[in-house]
Amino acid sequence: MTPWRHAQLGPIVGMCPSLQPKKVWKHFYAPDEHWERIASADPVPLRRAAEDIVGRTREEASELPRVSPDAWGRVRAVLADHHEAAYGPAYFDAVRDPESCWSLRMGRGQRHVGYSPRGVYFVVQLDRPASWVMTAYRPHPPIIGVDSSEAGYLRAAEAKFAKETGMDSRDAAGDVVARLEEASRTAPANLEDLWWLAAAVGHGRFHAEDPAVVRSLSAAERRLAEVERRLADALRRSLDWSAVLQGIRSGVKDVNPFDLETALHDAEDLLVVASVMGAVAEAEAFLEQAETLLGWIPAEWVELGDVAARRAAAVGGADHVAGRLWIHAEEAALGAALRDGPASVRPAARLVDALVPAVLPWDSILLRIALIGAGMAAERRACRERWASTRAAVALTAPKMGASGDEQDLWDVRLTVQDSDREFVRVFVVDAAHPEGHEDTEFSERKDEPLWRLEGREDRALIVVVASDSRIEGTTLDEVLSEAERRRDIIVTTKEVSPPT
Amino acid sequence: MSWETIAVLLGRWHEARDRNSLRLGVEFLERELRLMVPPIVRRRWPEDLIEDALQGFLGKLIEKPLTTELASPKAFFARAFRNHCIDLHEQRSRQPDAKSVDIMELDESLPDTREGADQALQSQERARHVREALDGLSLSDRVALKLELAPQWLTEAEMAWLAERTGRPEEAVRGALSDAPDMYAVSKIFDPGDDAPDDLDARRHRMERFRRRRDRAREKLRSLLTEVT
């Protein structure tokens, strides 16, 4: 796409490549945004190619799902193609459209927003050497099963623009009156009309004390009271809570707070409409889930707290379900800021031992012995059978009368070896104090004495028994193991010992 | 240990199978990630979900080397873990016995722009304002706010104040805080009272009182924030 020069903002280019995949999936493929009405290609056949790679349909996953690195490479290429061929040109037409409406003042994060007469809402990030499009989508009320008309997209884009650019406007009451009058001009004929009427009334009620609003609010309230019960029930049932919650979920997961802020505005509108339509239980359930997700707001988004505080005040504070949504967002941002420094109480790492067993002094010895075992010859196998009765066992030292607490925490290690062949057995104990191995082949000469004693519950040791039918040369464990590596009639068995848990 | 050494430690494991480095890194990460779980999530999500998420996340880091160079390790791991937990929670709501979700390489969705750096500076500035405003609050207001939002960040002085107020040793207060399963338990730490836990009216009344106390503290913080900015 060729850069386009805005009279005040300078050159503007399309979305950067890293953003394109998720925006194509999220917006261009969205069935309820109907890009086929304004783009050069129909998204339906295009999205099937991406869905085949991802393994999920756009209907199942409103956000681009995580996939394997291999699939990611392929799907990214497909999504980039669809951006170049259809989505990009369509939204760039909206950006370039001389009839498009642009924000007069730069918003937070150095951004401008705008919307086109075709109902495309876009956000432009100011940057050098060129500003770039950050997102482009077709806003619409979250109503299940309703396809917005083209006029509906435009109305939603206008409402979004007015709300987001006029948040600090002194003429908020003027905007409210305009919306009330527009929504109550005729009786709502369908769910979308009723949504706009309920939204206007809901927002109007926040200004009920304002003399400028009273008359148009009363007229709109009357219009709402006349709505057929069947239509009102249908709207209550069709409010798309899960889509809006998904917006909050993906907003919280994003790298910057912009999408979350947009999702919170959408949630505010939904809660305002739900409140007017009497969907109280659904609103409370939604709020509880949203509050938990908002808990994940990161400390870097602390400025979101300011926006949230202003919106909470504008929509009834703690007395209204929409105000409570923003209060939760404000508290979450504050909580994140409070948790930004070092904690005074640090939790224990409980998983580390299971995930990464401690490095023991005998790790390399065990590895070496495993290699000896791996090349097991027939002689060695026979030898192993012969020495099968060699056992190491751990037993608690019998408590002594008057023993201190420390003495009670001693654990004896006893070894059982076939008596007749003990001259061809070499026994070593490896522990933290004896990483090279301590030989105690004579242990069995000591009547009733254990081979080793573990001191305390954390103490552990490795018993290495090297056995053969003939004499084993070498004075150290290292030399003995070297002998075992050379000869085929030597077997090495080991036992790691520690106090029972 | 610091965030800056994490990538080095994980790298030593993946390149040279240095288990000591891995243990150090995993231990540090586990503690930090546990702290990143917001209190409200700890209270509302099943405990085993967080444990499964931690295990799955750390297991993946042990299994596969990171593919991206980390400019800001803390932000990277915070976001990756947050998203991992949210995905697992979402998956559990569809499939109750799900234990883990796949971690794809994180897409660094935004290019390194001037705006990114500016925004980081603005955020730091704003965080400084919040800290200054907090320092301007009384001890009791700070404790009321932190009890719910950041109990593990209560300072020594705040903990001592809480212990003195409730007439319990600091260790007991710390223990009660780390075991508190819900806001009711937290409110009992702030204001022990003698109401019976199964008296629903008293329970509601207590929660309401604590909420009002917290709201007052938040109001004061808001006005202090307006002053410092």
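Residues numbered from 1 in each chain as written. Chains lettered and ligands numbered in written order. Predicted model: local features only at pLDDT ≥ 70, side-chain atom pairs only at ≥ 80, totals over all residues.

Undergrad: Run through the domain arrangement of chain B, naming residues and quoting values.
TA: When its domains are assigned, chain B resolves into domain 1 (3–94) and domain 2 (123–228). With centres defined by C-alpha atoms, the gap from domain 1 of chain B to domain 2 of chain B works out at 29 Å. (Domains from an automatic or database assignment.)

Undergrad: So what's going on with the sheet that holds strand β5 (residues 121–125) of chain A? Which residues, and what values?
TA: Residues and elements named next belong to chain A. Pairing is mixed in the open sheet, where six strands are placed in the order β1-β2-β6-β5-β4-β3. In this open sheet, the two strands that pair with only one neighbour each are β1 (4–6) and β3 (101–102). As defined by bridge partners, strand β2 (residues 10–13) adjoins strand β6 (residues 131–137) across two bridges and the pair is classed as parallel. Note that in β6 the partner of Val-13 across the bridge is Trp-132. With respect to the sheet, helix α3 (residues 69–96) is in contact with β1, β2, β5 and β6, its orientation differing from that of β6 by roughly 110°. (Pairing = 2+ DSSP bridges. Helix = DSSP H or I, 4+ residues; strand = E, 2+ residues; numbered from the N terminus. Contact = placed C-beta atoms within 7 Å. Axes fitted to C-alpha atoms, helices over the stretch in contact; angles between N-to-C directions.)

Undergrad: Which residues make up the packing of helix α4 (residues 47–63) of chain B against helix α5 (residues 73–94) of chain B, and what values do they have?
TA: Residues and elements named next belong to chain B. Between α4 and α5, whose axes approach to 10 Å, the crossing angle comes to 125°. Classified by the angle between their axes, α4 and α5 sit oblique to one another. Remark: the crossing between α4 and α5 carries right-handed chirality. Across the interface between the two elements, Leu-49, Ile-50, Asp-52, Ala-53 and Phe-57 of α4 pack against Phe-81, His-84, Cys-85, Leu-88, His-89 and Arg-92 of α5. Here the contact of α4 with α5 is composed, by residue class, of seven nonpolar, two polar and two charged. (Parallel < 35°, antiparallel > 145°, perpendicular 65-115°, else oblique. Left-handed = near helix turned anticlockwise from the far one by under 90°. Nonpolar A, V, L, I, M, F, W, Y, C, P; charged D, E, K, R; others polar.)

Undergrad: Pulling in residues and values, what's your account of the nonpolar core?
TA: Residues and elements named next belong to chain A. Counting 104 residues, the largest nonpolar core has Ala-198, Ile-248, Val-273 and Ala-333 as its most contacted members. If you tally residues by element for this core, the top one is helix α13 (residues 321–338), at twelve residues. Setting aside anything within four residues of it in sequence, one finds Val-273 in contact with Trp-195, Ala-198, Ala-199, Gly-202 and Leu-239. Core analysis: the second largest hydrophobic core is formed by 38 residues, Ala-86, Tyr-115, Met-134 and Tyr-137 among them. (Core = buried A, V, L, I, M, F, W, Y, C linked by C-beta atoms within 7 Å. Buried ≥ 20, exposed ≤ 12 C-beta atoms within 10 Å, placed from the backbone.)

Undergrad: Let's hear about the confidence of the model for chain B: which residues, and what values?
TA: Per-chain confidence: chain B averages 83 in pLDDT, with 88% of residues scoring 70 or above. Across the assembled chains, the prediction reports ipTM 0.88 with pTM 0.78. (pLDDT = per-residue confidence, 0-100.)

Undergrad: Explain the domain arrangement of chain A to me, using residue names and the numbers behind them.
TA: Domain annotation for chain A reports domain 1 (1–139), domain 2 (239–338) and domain 3 (363–497). The C-alpha-based centres of domain 1 of chain A and domain 2 of chain A are spaced at 25 Å.

Undergrad: An account of the sheet that holds strand β9 (residues 425–431) of chain A is needed here, citing residue identities and associated values.
TA: All names here are of chain A. Strand order in this open sheet of four strands is β10-β9-β12-β13, and the pairing throughout is antiparallel. What marks the edges here is a single partner per strand, and that holds for β10 (434–439) and β13 (490–497). Each strand of the sheet is rotated relative to its neighbour by a mean of 25°, with strand direction disregarded. Alignment of β9 against strand β12 (residues 461–468), held across six bridges, turns out to be antiparallel. Counted as the bridge partner of Val-425 is Ala-467 from β12.

Undergrad: How would you explain unusual backbone geometry if you had to name every residue and give the values?
TA: Most peptide bonds are trans, and most residues other than glycine sit at a negative phi. Residue and element names in this part refer to chain A. A cis geometry characterises the amide bond from Arg-128 onward to Pro-129, with omega recorded as 5°. Within the fold, Pro-129 resides in the loop between β5 and β6. Within the chain, His-34 stands out as a residue other than glycine whose phi angle is a positive 45°. In this structure His-34 comes out as partly exposed when scored by C-beta crowding, with 18 C-beta atoms within 10 Å.

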